[in-house]
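So the chains spell out like this:
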Amino acid sequence: MKHLAVVGSTGSIGQNTLRVVERLQDRFTIFALGANSAVDKLAEQTAVFHPAVVAINDGGRVDEFQRRCHDLKIPMPEVVTGAAGLRQITSAPEVDIVVSAAVGAAGLRPTYSAVAAGKIVALANKESMVIGGELLRRTAESTGARLIPVDSEHCAIDQCLRSGQRGEVRRLILTASGGPFRETPIEQFGTITPEQALKHPTWQMGKRITLDSATLMNKGLEVIEARWFFDIPEDKIDIMVHPQSIVHSMVEFVDGSVVAQLGAPDMRQPIQYALTYPERLSSPLEPLDWTAVSRLDFALPDRQKFPCIDLAYQAIRMGGTAPAVLNAADEVAVEAFLDRRIAFCGIPRMIAATLEAHHVQAADCVETILDADAWARQQVRNQLA
């Protein structure tokens, strides 16, 4: 029986994690749940999974959570608050596996605490690996922690890499749906609306990641993730547009063999893989219907239309705090686009200007990384003003 702490339990990944745990109650139990402010949903999860500890980042919502638990007639768990509370549950000695599914750069501190404590970390918080991948990898090597990717693309790479030795890898190939503007002429990018950008053709996701899929920044961020997850240099990581989203990613080996992982676009599969690694257990997902897979298309992304890809590679080459600046600048620029303060094509322009203005520092501690994150956010706000 493995004891889990789920950070970001009320979000999409967190809810899917709990669905997986509900099916595998003979293997997993929930020791702790953590959320930012969605205390109604958190109380409902507490009623089902009976965690010993609940962490609420927004300490002002504790009374509301307690009232909701009282209404549901459930025993009150121990409640911890703020960033310190999230770090407490991810480093607790009772915890075997931490599911890091918080949103944004705020997920770095609890993820780092879990890695520093030597936990198995099922990592769905993309930003942690983007902005702190070098630090997390170095810390994991010293503590014996294991980082297992939950992103569908990186989970696919992890599975494919089990087919060979790391020195036999020629390149990693991350697949991308291409987003809603794959076939839109670049001349029309200046008139793209938030409503159009939020219509993803394949996945149902939050607003920020949906916008990142529209600009293809999500693929750039995934290149940075892959660089640190798998210790593969960026010049051996490529992107292919694959609109069917059936092939989740591929590994090409030096002998010319290409190993791909295929499946339906359902996040429960990579979540279960991360929790049960190295075993494979049955799941309720429908097997891939090969008769319905009439074709699999692949193409190189148009980097002129989608300059965010090159900005991500630039941030990797700059090193240190540059990926943190890239990620933070993107987040604020996306918010500005959603608020109709800038055009769609203004997103990469603001990111590029922020990277250009940044003086890179070594990303050797959480504080330095988060300081760079804060600097970049203010830099973009200054541009907006």
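What comes next is a walk through the structure.

The rules we used
Each chain has its residues counted from 1, running along the sequence as written. Given that the model is predicted, a residue must reach a pLDDT of at least 70 before its local features are reported, and side-chain atom pairs must reach 80 or more before they are shown or counted; all residues, however, enter totals for whole chains, interfaces and linings. Side-chain measures here rest on the full set of heavy atoms in the structure, leaving out hydrogens and waters. Stacked, tilted and edge-to-face pairs are distinguished by plane angle, under 30 degrees for stacked and over 60 for edge-to-face with tilted covering the rest, among Phe, Tyr and Trp rings (Trp via its six-membered ring) whose centres lie within 6.5 Å. Here, a charge over a ring is recorded when the distance from Lys NZ or Arg CZ to the ring centre is within 6 Å and its angle to the ring normal is within 35 degrees. Categorising residues by exposure relies on relative accessible area from a 1.4 Å probe, with only protein chains included: less than 20% of the type maximum marks a residue as buried, more than 50% marks it as exposed, and the intermediate range marks it as partly exposed. Only DSSP runs of H or I reaching four residues or more are called helices, and only runs of E reaching two or more are called strands; each is numbered from the N terminus. For two strands to pair, DSSP has to find at least two bridges joining them. By definition, the crossover connecting two strands over a helix is right-handed if that path, from the first strand to the second, turns clockwise as seen with the strands pointing away from the viewer. Whenever a helix is involved, its axis is fitted only over the stretch in contact; in every case the axis is a line through C-alpha atoms, and angles between N-to-C directions fall within 0 to 180 degrees. Whether two residues are in contact is decided by their heavy atoms: any pair within 4.5 Å suffices. Each nonpolar core is a collection of buried residues, namely Ala, Val, Leu, Ile, Met, Phe, Trp, Tyr and Cys, held together in the definition by side-chain atoms within 4.5 Å.

## Focus: the packing of aromatic side chains
Now for step 1: The full count for this structure, using the stated rule, is seven aromatic pairs.
Now for step 2: Ring pairing ties together the aromatic residues Phe 181, Phe 189, Phe 306, Phe 337 and Phe 344, which thus form one cluster.
Now for step 3: A cation sits over an aromatic face here: Arg 227 above Trp 228, 4.2 Å from the ring centre.

## Quick word on the pairing of strand β3 (residues 53–56)
Side chains on a regular strand alternate between the two faces of the sheet.
Now for step 1: Going residue by residue along β3, you find Val 53 and Ala 55 tucked away on one face and Val 54 and Ile 56 tucked away on the opposite face as well.
Now for step 2: One ladder, built from four bridges, connects strand β2 (residues 28–35) with β3; its direction is parallel. Pairing of Ala 32 across the sheet is with Val 53, part of β3.
Now for step 3: Looking at chain direction, β3 and strand β4 (residues 78–81) are connected through four bridges and run parallel. Bridge pairing in β4 places Ile 56 opposite Thr 81.
Now for step 4: You can see the chain leave β3, run along helix α3 (residues 62–72) and come back into β4, and the turn it takes is right-handed.

## A short note on the sheet that holds strand β10 (residues 247–253)
Now for step 1: Taken in spatial order, the four strands make up an open sheet running β9-β8-β10-β11, and their pairing is mixed. The sheet is open, and its two borders are formed by β9 (237–241) and β11 (258–262), each paired with just one other strand. This sheet shows a mean twist of 20° between the axes of neighbouring strands, independent of strand direction.
Now for step 2: Together, β8 (169–176) and β9 form the strand contacts of helix α10 (residues 217–229), whose direction differs from that of β8 by roughly 150°.

## So, the environment of Pro 180
Now for step 1: Structurally, Pro 180 is set in the loop between β8 and α8 (194–197).
Now for step 2: Leaving out residues up to four positions away in the same chain, Pro 180 has contacts with Gln 196, Ala 197, Lys 199, Pro 201 and Ala 214.

## Re the pairing of β8
Now for step 1: In terms of burial, β8 is a largely internal element, six of the eight residues being buried.
Now for step 2: As paired elements, β8 and β10 share five bridges and run antiparallel to each other. Bridging across to β10, Arg 171 finds its partner in Glu 252.
Now for step 3: Strand direction decides the pairing type here: β8 and β9, joined by five bridges, are parallel. Bridge pairing links Thr 175 to Met 240 in β9.

## Observations regarding the environment of Ser 100
Now for step 1: Relative to the helices and strands, Ser 100 is located in strand β5 (residues 97–100).
Now for step 2: It is 9.2 Å that separates the C-alpha atoms of Ser 100 and Lys 126, two residues lying 26 residues apart in sequence.
Now for step 3: Setting aside chain neighbours within four positions, we find Ser 100 in contact with Val 7, Gly 107, Thr 111, Val 121, Ala 122, Leu 123, Ala 124 and Asn 125.

## Digging into the nonpolar core
Now for step 1: Within the largest apolar cluster, 87 residues are counted, with the highest numbers of intra-cluster contacts made by Leu 147, Leu 172, Leu 326 and Phe 344.
Now for step 2: Looking at this core, the element that brings in the most residues is helix α13 (residues 322–338), giving eleven residues.
Now for step 3: In contact with Leu 172, not counting residues within four places along its chain, are Ile 157, Leu 161, Ala 226, Phe 230, Ile 232, Lys 236, Ile 237, Asp 238, Met 250 and Val 251.
Now for step 4: Counting 34 residues, the second largest nonpolar core, distinct from the first, contains Ile 74, Val 99, Val 150 and Tyr 273.

## Side note on the sheet that holds β4
Now for step 1: The seven strands are arranged β4-β3-β2-β1-β5-β6-β7 in an open sheet whose pairing can be described as parallel. The open sheet has two edge strands, β4 and β7 (146–149), and neither has a second partner. When strand polarity is set aside, the average angle formed by the axes of neighbouring strands in this sheet is 20°.
Now for step 2: Here four bridges tie strand β6 (residues 120–123) to β7, and the two strands are oriented parallel to one another. Paired with Leu 123 across the strands is Pro 149, a residue of β7.

## Quick word on helix α11 (residues 268–276)
Now for step 1: With respect to burial, α11 is a largely interior element, seven of its nine residues being buried.
Now for step 2: What α11 keeps buried is the set Pro 270, Ile 271, Gln 272, Tyr 273, Ala 274, Leu 275 and Thr 276.

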